[in-house]
Amino acid sequence: TNCFIDPGIFAKEDSQSNGFCWACEKANFRCSMARTPESALECFLEKHHDLIIIDHRHSRHFDAEALCRICHDSVWVLTSFLTSRPDREEASVMPLINAGFNRRYVENANMMACYNELLQLEHGEVRSQFKLRAGNAIFTAMEQSQEAIEITSEDQVIQYVNPAYESITGYQQGELIGKEIIEVPKSEKNKPDLLETINSCIRKGKEWQGIYYAKKKNGDSIQQNVKITPVIGQGGKYKDRRKGSLDVRSTTSRGSDGSSQRRHSSMARIHSMTIEAPITKVINIINAAQESSPMPVAEALDRVLEILRTTELYSPQLGTKDEDPHTNDLVGGLMTDGLRRLSGNEYIFSTKQPHHIPGQLTTPLSLNDIPPRIAQTMENEDSWDFDIFNLEAATMKQPLTYLGLKIFSRFGVCEFLNCPEATLRSWLQVIEANYHSSNSYHNSSHAADVLHATAYFLCKERVKQSLDPIDEVAALIAATVHDVDHPGRTNSFLCNAGSELAILYNDTAVLESHHAALAFQITTRDDKCNIFKNIERNEYRTLRQAIIDMVLATEMTKHFEHVNKFVNSINKPLAALEENGCTCTILTSPENRILVKRMLIKCADISNPCRALELCIEWAGRISEEYFAQTDEEKRQGLPVVMPVFDRKTCSIPKSQISFIDYFITDMFDAWDAFADLPNLMQHLDNNFKYWKGLDEKKLHNLRPPPE
């Protein structure tokens, strides 16, 4: 809520008035200051503040009580009263209450004290007043509604019926209000125990929805699609929405660290995402149509939405029982490679294994031979603020092997794969050796950074609820190999240059296909580093497909498709179901686990703008240098310049970062944050965006402002 808050009619500026000003800024309230009763009144009549704080420490300057009365007569406001620190016995607040003050604040200039006071006032009295002011509007809406509405008290006495109710049933308000529901004649068409079912549902605080036969005054029965909603008192919600529509506020129920406000705005932003795919538009049209549809139609549309939200719209879902066995075997053999195939490259075993919690396996890996200096730089690798560049320096540019050993050990990867630690070590070394240390960005430090982010995301509660141990292992391996043998040039460059790789992969997802294919070639060509050697064949196939799918998901041409699918298949349904607490089917369905893994590696891959500022600046410098080098080479070879802005003579790095954040990062991390709850990342993103904006406003092109 963006309130107007008047933090005081202060006779003079001092630390207390400053405290309230700072607090208003922090709480994002608009605020005015007034020095005299006249200017205060003028300001108030112009802006109608929701909260006024009157300074009573210097009461000789004006009559605080008189001012309070004038404000209360004009508009219903909340008036707070500021007094000096009590140095004698506590006086009664009764005179203040009589004068119209709602609350007293004892002098305390500490910003957090002022901030807490404002928040308590806003979330308590101010919001209550908003609700009361909205009362007339709500009743007007109910009076105009075409649907019959009846409100009863807890003990089932009718308190209100709207005109639509009167015209449908033939009763007048006067004949109903004050009567108990049981006094109104009931239709015999209802099942005998229906009322008891409804009542027990309402007593538990749950909505009841279904068919109910009402009896008109003339004795006719009338079938109604009814929704009955219990209303909880202060802090509760009154909802009258059709099944399937979305209450965005439900996402605010999680997190008491101030994140609820942030999560709410994240979900609100998700629902107004700027880049809408056709499927998103279709889903939104259906959602809107449900609002005004009769119940059978609304339920049919629910089913339509379920089908539309699946990951693959064009793969038939094959039944196994009734179809001709020849057809079944033929289609199965041609389309599924012996495993249920969902779309291009997703294999699924539908059994959900019990969830494995990292760090709880019996035999940890021996990490004793890691040099203490290196071990020390990895002590906080489970924290988001881990500094990968310290590790890069300590390991002489071999961070992936060491961080890999530590993280794979923490997640029990060797136990899962049944592979010796020596094999894992050899595998990490050979994968790292195939990254190009000459690339300024796409080297093994980037891979280690993405592995770190992946491990961090895997420990988030929602992610753990969604994924199986095999998914976790796939994600860690995919992160490790996702850019192996990257040449430091983009897909467009390779296609324009007619490179061998572009020809091999038909100009389609060239690099990503190469990273995935090479990773498996390296792994399986030598037993010494084959981490998959000891796992069962079907498990290997599942793991392999999951790794390939995740590596291919890092290709940016499909960025918006991946984000849109995640939002529509996971964020929106989760928000709708969250208040009922039954989110498990959304989280653990095979299709959605794939979407979670794709989103996880995508966010890990481009998480640089969500890192601490110094790390963010370093990564921005490295990616810019790699793009500059590409532009230089394109000019040298007479190739089309793919990204003309990345010319080292003219490029503004702050501008390029601002564009990247605006176009790719904001929507994606809003969606990921709404799912995984990442307040620290969103705070860094905000800080970093402001940093680049600050440089750009000063027309600076470099990574940092010039030294003072």
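Throughout what follows, the structure given in this document is the object of discussion. The structure displayed is predicted, hence computed values, not measured ones.

### Here's the deal with the overall build of the chain
Piece 1. In terms of regular secondary structure, the chain is built from 30 helices and 9 strands.
Piece 2. Taking all 708 residues of the chain together, the buried fraction comes to 47%.
Piece 3. If you take every contact in the chain between residues at least 6 apart in sequence, the share linking residues at least 24 apart comes to 69%.
Piece 4. As displayed, the chain has an accessible area near 34,900 Å², and 53% of this comes from carbon and sulfur atoms.

### Observations regarding the pairing of strand S9 (residues 221-228)
Piece 1. Examined bridge by bridge, strand S8 (residues 208-215) and S9 share 8 bridges and lie antiparallel to one another. Bridge pairing in S9 places Gly210 opposite Val226.
Piece 2. Between S8 and the antiparallel strand that follows it, S9, lie 5 residues; Gly219 among them carries a positive phi value of about 100°.

### Overview of helix H25 (residues 559-577)
Every α-helical turn comprises 3.6 residues, leaving residues that sit three or four positions apart pointing alike.
Piece 1. With 19 residues, H25 should cover 27 Å at 1.5 Å per step; its first-to-last C-alpha distance of 26 Å lies within 8% of that length.
Piece 2. At Val567, H25 is deflected by roughly 35°, the largest bend along its length.
Piece 3. When you tally the buried positions in H25, you get 14 out of 19 residues, the bulk of the element.

### Digging into the environment of Leu424
Piece 1. Within the fold, Leu424 resides in helix H17 (residues 421-433).
Piece 2. Along the backbone, Leu424 and Gly404 are 20 residues apart, and their C-alpha atoms lie at a distance of 9.0 Å.

### Topic: the nonpolar core
Inside soluble globular proteins, nonpolar side chains tend to come together where they are buried.
Piece 1. Judged by nonpolar contacts, the single largest core of 106 residues is most densely connected at Leu417, Trp427, Phe457, Phe669, Trp672, Phe675 and Trp692.
Piece 2. By residue number, the principal contributor to this core is helix H29 (residues 653-676), which donates 10 residues.
Piece 3. Not counting the four nearest positions on each side in its chain, Trp427 is found in contact with Phe408, Ile477, Thr480, Val481, Thr523, Cys529 and Ile531.
Piece 4. In terms of nonpolar packing, the next biggest core, distinct from the first, is built from 13 residues, Cys24, Phe29, Tyr105 and Leu121 among them.

### A few points about the side chain of Asp471
Piece 1. By the element assignment, Asp471 lies in helix H20 (residues 469-481).
Piece 2. Given a relative accessible area of 3%, Asp471 falls into the buried group.
Piece 3. One polar contact links Asp471 to Arg593, side chain to side chain, over a distance of 3.1 Å.

### Some remarks on unusual backbone geometry
Piece 1. One non-glycine residue, Asn506, lies in the positive phi region at around 55°.
Piece 2. As for its position among the elements, Asn506 is in the loop between helix H22 (500-504) and helix H23 (510-524).
Piece 3. Overall, Asn506 belongs to the exposed group, its relative accessible area being 61%.

### Things to note about the pattern of salt bridges
When their charged atoms lie close together, side chains carrying opposite charge are able to pair.
Piece 1. Using the criterion set out here, one finds 21 salt bridges in the structure.
Piece 2. Of the charged contacts in the structure, one is a salt bridge between Glu392 and Arg622, with a shortest N-O distance of 2.8 Å. Highlighted residues: Glu392 in helix H14 (residues 388-394) and Arg622 in helix H28 (residues 613-637), separated in sequence by 230 residues. Both residues of the pair, Glu392 and Arg622, count as buried.
Piece 3. Linked by salt bridges that have partners in common, Asp468, Asp471, Arg593 and Lys597 make up one network.

### A closer look at the packing of aromatic side chains
Here the distance between the centres and the angle between the planes together describe a pair of aromatic rings.
Piece 1. The tally for this structure, following the rule as stated, stands at 21 aromatic pairs.
Piece 2. Between Trp384 and Tyr456, the aromatic rings sit 5.1 Å apart at their centres with planes inclined by 50°, giving tilted as the arrangement. Of this pair, Trp384 sits in the loop between helix H13 (372-377) and H14 while Tyr456 sits in helix H18 (residues 444-458), and the two are 72 residues apart along the sequence. There is no split in this pair, since Trp384 and Tyr456 are both buried.
Piece 3. Among the aromatic residues, those joined into a ring-pair cluster are Trp384, Tyr456, Phe457, Phe566, Trp672 and Phe675.
Piece 4. Sitting over the face of the ring of Phe520, Arg544 holds its NZ or CZ atom 4.6 Å from the ring centroid.
Piece 5. For Arg611, the ring lying beneath its charged end belongs to Trp384, and the centroid distance is 3.8 Å.

### Notes on the packing of helix H15 (residues 399-410) against H20
The angle between the axes and the distance between the axes are what describe a pair of packed helices.
Piece 1. The contact between H15 and H20 brings their axes to 12 Å, and the two run at 175°. In terms of orientation, H15 and H20 fall into the roughly antiparallel class. Between H15 and H20, the residues in contact are Leu400, Ile407 and Phe408 and Leu476, Ile477 and Thr480, respectively.
Piece 2. A per-class count over the contact of H15 with H20 returns 5 nonpolar, 1 polar and no charged.

### Here's the deal with a negative patch on the surface
Piece 1. Together, Glu154, Asp155, Glu180 and Glu183 line one region of the surface with negative charge.
Piece 2. Here Glu154 shows up in the loop between strand S6 (150-152) and strand S7 (158-161).
Piece 3. Judged by its relative accessible area of 84%, Glu154 falls in the exposed class.

### Remarks on the side chain of His452
Piece 1. Assignment of secondary structure puts His452 in helix H18.
Piece 2. Residue His452 is classed as buried on the basis of its relative accessible area, which comes to 1%.
Piece 3. There is a polar contact of 2.9 Å between the side chain of His452 and the backbone oxygen of Glu381.
Piece 4. For His452, the side chain forms a polar contact with the side chain of Arg611, separated by 3.1 Å.
Piece 5. Excluding residues within four positions of it along the chain, His452 makes contact with Glu381, Ser383, Trp384, Phe386, Leu403, Ile407 and Arg611.

### Re the environment of Leu681
Piece 1. For Leu681, the position within the fold is in helix H30 (residues 679-697).
Piece 2. It is 9.7 Å that separates the C-alpha atoms of Leu681 and Asp385, two residues lying 296 residues apart in sequence.

### Quick word on a nonpolar patch on the surface
Piece 1. Together, Trp22, Met111 and Met112 make up a nonpolar patch on the protein surface, roughly 290 Å² of accessible area in all.
Piece 2. Along the chain, Met111 falls in helix H5 (residues 111-144).
Piece 3. Assessed through its relative accessible area of 30%, Met111 is described here as partly exposed.

### Considerations on the state of the cysteines
Piece 1. Here the structure, examined in full by the defined rule, presents 0 disulfides.
Piece 2. Of all cysteine sulfurs in the structure, the one in Cys419 sits closest to Cys414, which takes part in no disulfide; the separation is 4.0 Å.
Piece 3. Cys603 takes part in no disulfide bond, and the closest cysteine sulfur, belonging to Cys610, lies 8.0 Å away.

### What to know about helix H1 (residues 15-27)
Piece 1. The terminal C-alpha atoms of H1 lie 18 Å apart, and with 13 residues this matches the ideal 18 Å at 1.5 Å per residue to within 8%.
Piece 2. Within H1, burial applies to Gln16, Ser17, Gly19, Phe20, Ala23, Cys24 and Ala27. The buried residues of H1 occupy an angular sector of 155° when the element is viewed end-on, so they sit on one face.
Piece 3. Among the residues trailing H1, Asn28 stands out with phi positive, at a value near 65°.

Thresholds, definitions, all that
- Per chain, the residues get numbers from 1 upward, laid out in the order the sequence is written.
- Residue-level local features of this predicted model are given only where pLDDT is at least 70; pairs of side-chain atoms are given and counted only at 80 or more, and the full residue set underlies all totals for whole chains, interfaces and linings.
- Remark: hydrogens and water are excluded; side-chain values derive from all non-hydrogen atoms of the structure.
- For the purposes of this entry, the term helix denotes a DSSP run of H or I that reaches at least four residues, the term strand denotes a run of E that reaches at least two, and both are numbered from the N terminus.
- Exposure classes here rest on a 1.4 Å probe applied to the protein chains alone. A residue is buried below 20% of its type maximum, exposed above 50%, and partly exposed in between.
- A contact between two residues is defined here by any heavy atoms of the two lying within 4.5 Å.
- All accessible-area figures derive from a Shrake-Rupley calculation using a 1.4 Å probe, and residue coverage is judged against the displayed protein chains alone.
- For two strands to be treated as a pair, DSSP must find at least two bridges joining them.
- In this scheme, a helix's expected span is set at 1.5 Å multiplied by one less than its residue total.
- We define the bend at each residue as the angle formed by axes fitted to the 7 residues ending at it and the 7 residues starting at it.
- The term nonpolar core refers to a set of buried residues drawn from Ala, Val, Leu, Ile, Met, Phe, Trp, Tyr and Cys, joined through side-chain atoms within 4.5 Å.
- We call two N or O atoms a polar contact when they sit within 3.5 Å, provided that within protein one can donate a hydrogen and the other can accept it, with sequence-adjacent residues counted only if both atoms are side-chain atoms.
- By definition, a salt bridge exists where a carboxyl oxygen of Asp or Glu is found within 4 Å of a side-chain nitrogen of Lys or Arg.
- Each Phe, Tyr or Trp ring (for Trp, its six-membered ring) is paired with any other whose centre lies within 6.5 Å, and the angle between the two planes then decides the class: stacked below 30 degrees, edge-to-face above 60, tilted in between.
- Whether a charge sits over a ring comes down to the Lys NZ or Arg CZ being within 6 Å of the ring centre and within 35 degrees of the ring normal.
- As a rule, the C-alpha atoms of each element are fitted with a line to give its axis, helices using only the stretch in contact, and angles between N-to-C directions run from 0 to 180 degrees.
- When an angle is under 35 degrees it counts as roughly parallel; over 145 it counts as roughly antiparallel; between 65 and 115 it counts as roughly perpendicular; any other value is oblique.
- The residue classification treats Ala, Val, Leu, Ile, Met, Phe, Trp, Tyr, Cys and Pro as nonpolar and Asp, Glu, Lys and Arg as charged. All others, Gly included, are polar.
- Patch membership requires more than 30% relative accessible area and the absence of a salt bridge. Residues of like charge join within 9 Å; the nonpolar side chains Val, Leu, Ile, Met, Phe, Trp and Tyr join within 5 Å.
- Only four residue types enter the charge count, namely Lys and Arg as positive and Asp and Glu as negative; His and the chain termini do not.
- Every charge is mapped to an atom, namely NZ of Lys, CZ of Arg, CG of Asp or CD of Glu.
- Any two cysteine sulfur atoms within 2.5 Å of one another count as a disulfide.
- When we speak of the arc, we mean the arc of directions from the helix axis to the C-beta atoms.

Distances and angles like these do not, on their own, reveal function.
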